[in-house]
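Per-entry structural report
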Amino acid sequence: MRIIVSGGGTGGHIYPAMALIKRLQERDMIEAVLYVGTEKGLESKIVTREGIDFKTIKISGFKRKLTLENVKVMQMFFASISRSKKIIKEFKPDIVVGTGGYVSSAVVYAAHQLHIPTVIHEQNTIAGITNKFLGHFVNKIAIAFTQAENQFSEKKKIVFTGNPRAQEAAGIKENDRLKDVDLDPSKPTVLIFGGSRGAEPINKAVIGALDEFAKADFQMLFVTGRVHYDGVIKRINQKYLELPNISVQPYIDNMPEILPDLTMIVGRSGATSIAEITALGIPAIFIPSPYVTHDHQTVNANSVAANGAAKVLVEKDLTADKLFNTVSDIMTDPEELAKMSKASKENGVPDASDKLIQVLLDLVKK
């Protein structure tokens, strides 16, 4: 299979695409793969680091207000379609897959105009602008949450696959990675993590609750985010940094590897995080980011919490006491942990990549 994949802007669009490519490679199903992104986007670093062929187009998003800048954006969009057509004609793909972000709009739309089979993948409960636009033209719309179905008018095109990142996470086994952060792999451990850049409200609540975490019968791994780490360390009493049951880190490289060693996770409710957590059946406390488009992280979190797999805390109401008490109530209740873990696995789609691959195969065979 010759495949072009496009998605960018955020890790939530890029990592599912990379997981799909990796699974296709594992199954020896790729003759050639090309990733189309932007030069300045995060995808340029992630994709090239993995040794995947990468080409770029120039494109940006529309401003939400009527402005002359949007005229330039529209001109850039049409130019990017022309550039995408040239790339597609040279590569001659069997299929083109878009995983979201402005860059995929031009690539997938160009493929549609050239009568190449197309698929988009929507990771969130609330579809992004790009995927809503492309939904009118593509052959299939793959979704990771059933709640996303009502975001598209073309119901016959929709197929539930889950998020490819889930299958990647499901294959990871316990590996004692907690030793790398000076914690005991045999003890119950909660990870508190505000995303790759960290989140000040979450960090503030953890710092305020350190007295209680210090006395807890479980371990706490506190990941501050690189940009916040130095400031957090300055605000923490040195005695907490020397305790055997508390570890404070700026970031965890290759975060998925440490997930199987965790008892519970506290953090944001991005689509990729949810896919990884539910694939492994890890109980969670979600603190959705209120700063994302259409508050989709809250909708994501509530969809997982609906069957008891997670608890949801609202950031504006977050306090040190509320954070610790919610964590402690679950971590000290084996029955609740077991119930949440079971419910989490029911939310998970551990064969998500294979489900999406089957969608691709069905289109290529036609």
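This write-up is about the structure you can find in this document. What you see is a predicted model; the values in this text were computed from it and never measured.

Attention now goes to the overall build of the protein chain. Per the secondary structure count, the protein chain includes 15 helices and 13 strands. Out of the 366 residues belonging to the protein chain, those deemed buried represent 56%.

Scanning all chains against the criterion turns up 20 salt bridges. Glu 276 is paired through a salt bridge with Arg 165; the nearest N and O atoms lie 2.5 Å apart. Placement of the pair is Glu 276 in helix H11 (residues 271-280) and Arg 165 in helix H6 (residues 164-170), with a sequence separation of 111 residues. Each of the two residues, Glu 276 as well as Arg 165, counts as buried. Taking the shortest distance from any N to any O, the salt bridge between Lys 179 and Asp 176 comes out at 3.9 Å.

Now for the sheet that holds strand E3 (residues 53-56). Strand order in the open sheet formed by seven strands is E3-E2-E1-E4-E5-E6-E7, and the pairing between neighbours is parallel. Strands with a single pairing partner mark the edges of an open sheet, and in this sheet they are E3 and strand E7 (158-160). Looking at each pair of strands side by side, their axes are set apart by 25° on average, direction ignored. For strand E5 (residues 118-122) and strand E6 (residues 140-143), the ladder comprises four bridges, and the chain directions are parallel. Counted as the bridge partner of Glu 122 is Ile 143 from E6. Helix H2 (residues 42-49) contacts strand E2 (32-37) and E3 of the sheet and is inclined by roughly 160° relative to E3. Strands in contact with helix H4 (residues 102-113) are strand E1 (2-6), E2, strand E4 (95-98) and E5; relative to E4, the strand with the most contacts, it is inclined by about 155°.

Sheet strands pair via backbone hydrogen bonds, and the direction of the pair is either parallel or antiparallel. Strand order in the open sheet formed by six strands is E10-E9-E8-E11-E12-E13, with parallel pairing between adjacent strands. Since the sheet does not close on itself, it has two edges, and those belong to strand E10 (246-249) and strand E13 (310-312), each with one partner. Going from strand to strand, the sheet's axes swing by 15° on average, the running direction of each strand aside. Both strand E12 (residues 284-286) and E13 contribute to a ladder of three bridges, which runs parallel. In the sheet register, Ala 284 faces E13, and the bridge partner there is Ala 310.

Turning our attention to unusual backbone geometry. Most of the time, phi is negative for any residue but glycine, and the peptide bond is trans. Unlike most non-glycine residues, Asp 28 shows phi in positive territory, near 55°. On the secondary structure map, Asp 28 appears in the loop between helix H1 (11-26) and E2. Among the residues examined, Asp 28 registers a relative accessible area of 69% and is labelled exposed. A positive phi angle, close to 50°, is found at Asp 295, a residue other than glycine.

One broad rule of soluble globular proteins: the nonpolar side chains tend to lie buried together. The biggest cluster of nonpolar side chains holds 33 residues, and the ones touching the most others in it are Val 190, Ile 192, Phe 213, Met 220, Leu 323 and Val 327. At the level of secondary structure, the elements contributing two or more residues to this core comprise strand E8 (189-193), helix H7 (200-208), helix H8 (210-215), strand E9 (219-223), E10, strand E11 (264-267), helix H13 (320-331) and helix H14 (334-347). In this structure, Val 327 is in contact with Val 190, Phe 213, Phe 218, Met 264, Val 266 and Ile 285, ignoring residues within four places of it in sequence. In this structure, Ile 88, Ala 111, Ile 120 and Ile 141 belong to the second largest nonpolar core, which totals 29 residues.

A separate point is the side chain of Ser 84. Here Ser 84 lies in helix H3 (residues 69-91). Here Ser 84 is in contact with Ile 57, Ala 106, Val 107 and Ala 110, once residues within four sequence places are set aside.

A few words on the pairing of E6. For the segment spanning E5, helix H5 (residues 129-134) and E6, crossover handedness is right-handed. Here E6 pairs with E7 via three bridges, running parallel. Its bridge partner being in E7, Ala 142 is matched across the sheet by Val 159.

Counted residue by residue, E2 has six buried out of six residues, so it is predominantly covered. The side-chain alternation of E2 yields two buried faces, one formed by Ala 32, Leu 34 and Val 36 and the other by Val 33, Tyr 35 and Gly 37. Where E1 lies against E2, five bridges are found, and the strand directions are parallel. Paired with Arg 2 across the bridge in E2 is Ala 32.

So, about the environment of Ala 142. Mapped onto the elements, Ala 142 comes out in strand E6. A relative accessible area of 0% places Ala 142 in the buried class. Here the alpha-carbon distance between Ala 142 and Ala 127, two residues 15 residues apart in the chain, equals 11 Å. Setting aside its immediate chain neighbours within four residues, Ala 142 contacts Ile 120, His 121, Glu 122, Val 159, Thr 161 and Leu 356.

To describe two helices that pack against each other, one gives the angle between their axes and the distance between the axes. Contact geometry of H11 with H14 gives a least axis separation of 6 Å together with a crossing angle of 120°. Comparing the axis directions of H11 and H14 gives the class oblique. Like other packed secondary-structure pairs, H11 and H14 cross with a definite hand, here left-handed. For the pair formed by H11 and H14, the contact residues are Ile 277, Thr 278 and Leu 280 on the first element and Ser 344, Lys 345 and Asn 347 on the second.

Calculation criteria
- Residues numbered from 1 in each chain as written.
- Predicted model: local features only at pLDDT ≥ 70, side-chain atom pairs only at ≥ 80, totals over all residues.
- Heavy atoms only, no water.
- Helix = DSSP H or I, 4+ residues; strand = E, 2+ residues; numbered from the N terminus.
- Buried < 20%, exposed > 50% of the residue type's maximum accessible area, 1.4 Å probe, protein only.
- Salt bridge = Lys/Arg side-chain N within 4 Å of Asp/Glu carboxyl O.
- Pairing = 2+ DSSP bridges.
- Axes fitted to C-alpha atoms, helices over the stretch in contact; angles between N-to-C directions.
- Contact = heavy atoms within 4.5 Å.
- Core = buried A, V, L, I, M, F, W, Y, C linked by side-chain atoms within 4.5 Å.
- Right-handed = clockwise from strand over helix to strand, strands pointing away.
- Parallel < 35°, antiparallel > 145°, perpendicular 65-115°, else oblique.
- Left-handed = near helix turned anticlockwise from the far one by under 90°.

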